[in-house]
Amino acid sequence: MKITIKTPDEIKKMRVAGKLAAEVLEMIGQYVVPGVTTDELDKICHDYIVNVQKAIPACLNYNGFPKSICTSVNHQVCHGIPGPKKLKEGDIVNIDVTVIKDEYHGDTSKMFTVGKPSILAERLIRVTLEAMYLGIKEIKPGRHLGDIGAAIQTYAEANRFTIVREYCGHGIGKIFHEAPNVLHYGKPGTGEKILPGMIFTVEPMVNAGQRFVKLLPDKWTVVTKDHSLSAQWEHTILVTDDGYEVLTKRSEETI
Ligand code: MF3
Ligand code: CO
Ligand code: CO
C-alpha cells in the first residue's frame with residue numbers, strides 16, 4: 001500500500017487523537033506503584049478513555065487483543081497483556097496506549113519504573129528514549145525513512161544495546177497500522193522519501209542483551225529470547241513543511 005498524505009482536516013483530528021493518547025500516559029503514572037496489577041492499570045485507562053475522553057481504546061479486540069492497553073514488564077518487549085500479576089519494586093513497565101477519536105488514531109507509549117530501578121534498567125530506559133528522540137530529529141521533507149532507523153540503531157549500539165528487528169513503527173490515521181513500515185535500524189538515504197503530511201510512529205524496542213525475541217503461547221506477548229531487559233518508547237509524528245510535530249507530546253517533554 002502507498003503512504004497517504006493527510007489533509008488539513010485529517011491532521012486536525014490526528015492532533016486531537018494524539019493529545020488524548022498522551023493524556024492517558026500522563027494520567028496513569030500516579031498508579032504505577034508496587035502492588036498494583038496490570039489489570040488494574042488497564043481498567044483505569046479503559047474507563048478514562050471511554051468515560052472521560054469519550055474515545056475508543058483501539059487495542060481492545062484489535063485482532064483479538066483482549067485488553068485496552070499493552071503492559072510489557074521487564075523482559076517483555078511489547079504487546080504484553082494486562083493480567084492479575086502485581087508489579088513489584090524494581091520492575092520496569094512499558095504502557096502503550098492507542099485511542100480512536102473522531103475515527104482517527106493516536107498511538108504512544110512510555111516506560112515507567114516501579115520504585116527504584118537498577119542502574120542497568122535506568123540506563124536502558126534513558127538510552128532508548130534518547131534513541132527515539134534522535135530518530136525523530138531526522139524527520140523532515142526530503143530525508144529518507146532509513147535515516148530514522150540509522151540514527152536509532154547507531155546510538156543504541158554505541159551504548160552496547162541491541163535493536164529488536166521484528167517489530168517497527170507504522171503509518172497511522174483512520175487505520176491503526178498502515179504504510180509505511182518505519183524500521184528502527186538501517187542505512188541513511190535508504191527507504192521511502194519523507195514528505196509533508198505523512199503521519200507515522202517511531203517506537204524503538206531496545207534490549208539490554210541480544211536482539212532476538214520470541215512470542216509467548218498467548219500469541220501476543222513478545223519477550224527477549226535471553227530474558228534480558230527490554231525498553232520501548234513511542235510517539236506519533238506528523239511531517240511538517242520544515243520538520244516534524246510530535247502529536248503525542250506530553251507536557252514533561254521539550255522535543
Ligand atoms: N500500540 C501498538 C503499536 O504501537 C499495537 C498494539 S496492538 C495490540 O503499534 F493489539 F497488541 F494492542
Ligand atoms: Co504503534
Ligand atoms: Co503503540
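I will try to describe carefully the structure that is included in this document. Remember, it's a predicted structure, so these values are computed and weren't measured experimentally.

### Observations concerning the coordination of the cobalt ion (ligand 3)
- Protein coordination at the cobalt ion (ligand 3) comes from Asp96 (OD), Asp96 (OD), Asp107 (OD) and Glu234 (OE), with a distance range of 2.0 to 2.4 Å.
- One can describe the donor arrangement at the cobalt ion (ligand 3) as irregular, given that its six donor atoms subtend angles of 58 to 166 degrees at the metal.
- The sequence pattern describing where the donors of the cobalt ion (ligand 3) fall on their chain is D-x10-D-x126-E.
- Between the cobalt ion (ligand 3) and the cobalt ion (ligand 2), a spacing of 3.3 Å is present, and a bridge between the two is formed by Asp107. Note that Asp107 is positioned in strand S5 (residues 104-113) and Glu234 in the loop between strand S13 (230-232) and strand S14 (235-239), a separation of 127 residues in sequence. Assigned by exposure class, Asp107 and Glu234 land together as buried.

### A few points about the site of ligand 1
- Taken together, 14 residues form the shell around ligand 1, and within it Cys59, His170, His177, Glu203 and Glu234 come nearest.
- Within the side chain of Asp96, a nitrogen or oxygen atom sits 3.1 Å from a nitrogen atom of ligand 1.
- Out of a free accessible area of 340 Å², ligand 1 has 97% covered by protein chains.

### Observations regarding the coordination of the cobalt ion (ligand 2)
- At this site the cobalt ion (ligand 2) is bound by Asp107 (OD), His170 (NE2), Glu203 (OE) and Glu234 (OE), with donor distances of 2.0 to 2.3 Å.
- Taken together, the six donor atoms coordinating the cobalt ion (ligand 2) span angles of 51 to 160 degrees at the metal, a pattern that classifies the geometry as irregular.
- All donors of the cobalt ion (ligand 2) belong to a single chain; written as a sequence motif, their spacing is D-x62-H-x32-E-x30-E.

### Points about the sheet that holds strand S12 (residues 222-224)
- The antiparallel open sheet is built from three strands, whose spatial order is S3-S12-S11. What marks the edges here is a single partner per strand, and that holds for strand S3 (76-78) and strand S11 (213-215). Pairwise comparison of adjacent strand axes, ignoring direction, gives a mean angle of 40 degrees for this sheet.
- Judged from the three bridges that link them, S11 and S12 form a sheet pairing that is antiparallel. The residue of S12 that forms the bridge with Val213 is Thr224.

### Thoughts on the nonpolar core
- Among the nonpolar cores identified, the biggest contains 33 residues, and Met132, Ile136, Ile139, Ile148, Phe200 and Val202 are the most heavily contacted of them.
- Mapped onto this core, the elements with two or more residues apiece are helix H3 (119-137), helix H4 (145-158), strand S8 (178-182), strand S9 (199-202) and S14.
- By residue number, the principal contributor to this core is H3, which donates nine residues.
- Excluding anything up to four places from it in sequence, Met132 contacts Val202, Pro204, Trp233, Glu234 and His235.

### What about the environment of Ile194?
- As for its placement among the helices and strands, Ile194 is situated in the loop between S8 and S9.
- Look at Ile194 and you get buried, because its relative accessible area is 0%.
- A sequence separation of 168 residues divides Ile194 from Glu26, and the C-alpha atoms of the two residues are 30 Å apart.
- With sequence-adjacent residues up to four places away left out, Ile194 is seen in contact with Ile139, Lys140, Pro141, Gly142, Arg143, His144, Leu145, Ile148 and Val239.

### Some details on the packing of aromatic side chains
- Per the stated rule, a full pass over the model turns up two aromatic pairs.
- On the numbers, 4.7 Å between centres and 50 degrees between planes, the contact of Tyr62 with Phe176 is tilted. Remark: Phe176 occurs in the loop between strand S7 (169-171) and S8 and Tyr62 occurs in the loop between strand S1 (56-57) and strand S2 (70-73); sequence separation between them is 114 residues.
- Owing to a relative accessible area of 27%, Tyr62 belongs among the partly exposed residues under this scheme.
- Each ring, one from Phe65 and one from Trp220, has its centre 5.0 Å from the other, and the planes form 85 degrees; the classification is edge-to-face.

### Some remarks on the sheet that holds strand S10 (residues 205-207)
- Pairing within the open sheet is antiparallel, and its three strands lie in the order S6-S10-S13. Both outer strands of the open sheet, strand S6 (162-163) and S13, are each paired with one neighbouring strand and no more.
- As defined by bridge partners, S6 adjoins S10 across two bridges and the pair is classed as antiparallel. Bridge pairing in S10 places Thr162 opposite Asn207.

### With respect to the pattern of salt bridges
- Inspection of the entire model under this criterion finds 13 salt bridges.
- In this structure, the salt-bridge partner of Glu252 is Arg250, at a minimum N-O distance of 2.9 Å.

### A word on the environment of Lys67
- Along the chain, the position of Lys67 falls in the loop between S1 and S2.
- In sequence terms Lys67 and Arg160 are 93 residues apart; their C-alpha atoms lie 34 Å from each other.
- Once residues lying within four places of it in the same chain are set aside, the contact partners of Lys67 are Asp39, Asp42, Cys59, Leu60, Ile81 and Pro82.

About the thresholds
- Residues numbered from 1 in each chain as written.
- Chains lettered and ligands numbered in written order.
- Predicted model: local features only at pLDDT ≥ 70, side-chain atom pairs only at ≥ 80, totals over all residues.
- Heavy atoms only, no water.
- Donors = N, O, S within 2.8 Å, 3.2 Å for Na, K, Ca; no water.
- Tetrahedral: all angles 85-135°; square planar, octahedral: opposite > 155°, others 65-115°.
- Helix = DSSP H or I, 4+ residues; strand = E, 2+ residues; numbered from the N terminus.
- Buried < 20%, exposed > 50% of the residue type's maximum accessible area, 1.4 Å probe, protein only.
- Near = heavy atom within 4 Å.
- Polar contact = N/O pair within 3.5 Å; in protein donor to acceptor, adjacent residues only side chain to side chain.
- Areas by Shrake-Rupley, 256 points an atom, 1.4 Å probe, with all protein chains shown as cover.
- Pairing = 2+ DSSP bridges.
- Axes fitted to C-alpha atoms, helices over the stretch in contact; angles between N-to-C directions.
- Core = buried A, V, L, I, M, F, W, Y, C linked by side-chain atoms within 4.5 Å.
- Contact = heavy atoms within 4.5 Å.
- Phe/Tyr/Trp six-rings, centres within 6.5 Å; stacked < 30°, edge-to-face > 60°.
- Salt bridge = Lys/Arg side-chain N within 4 Å of Asp/Glu carboxyl O.

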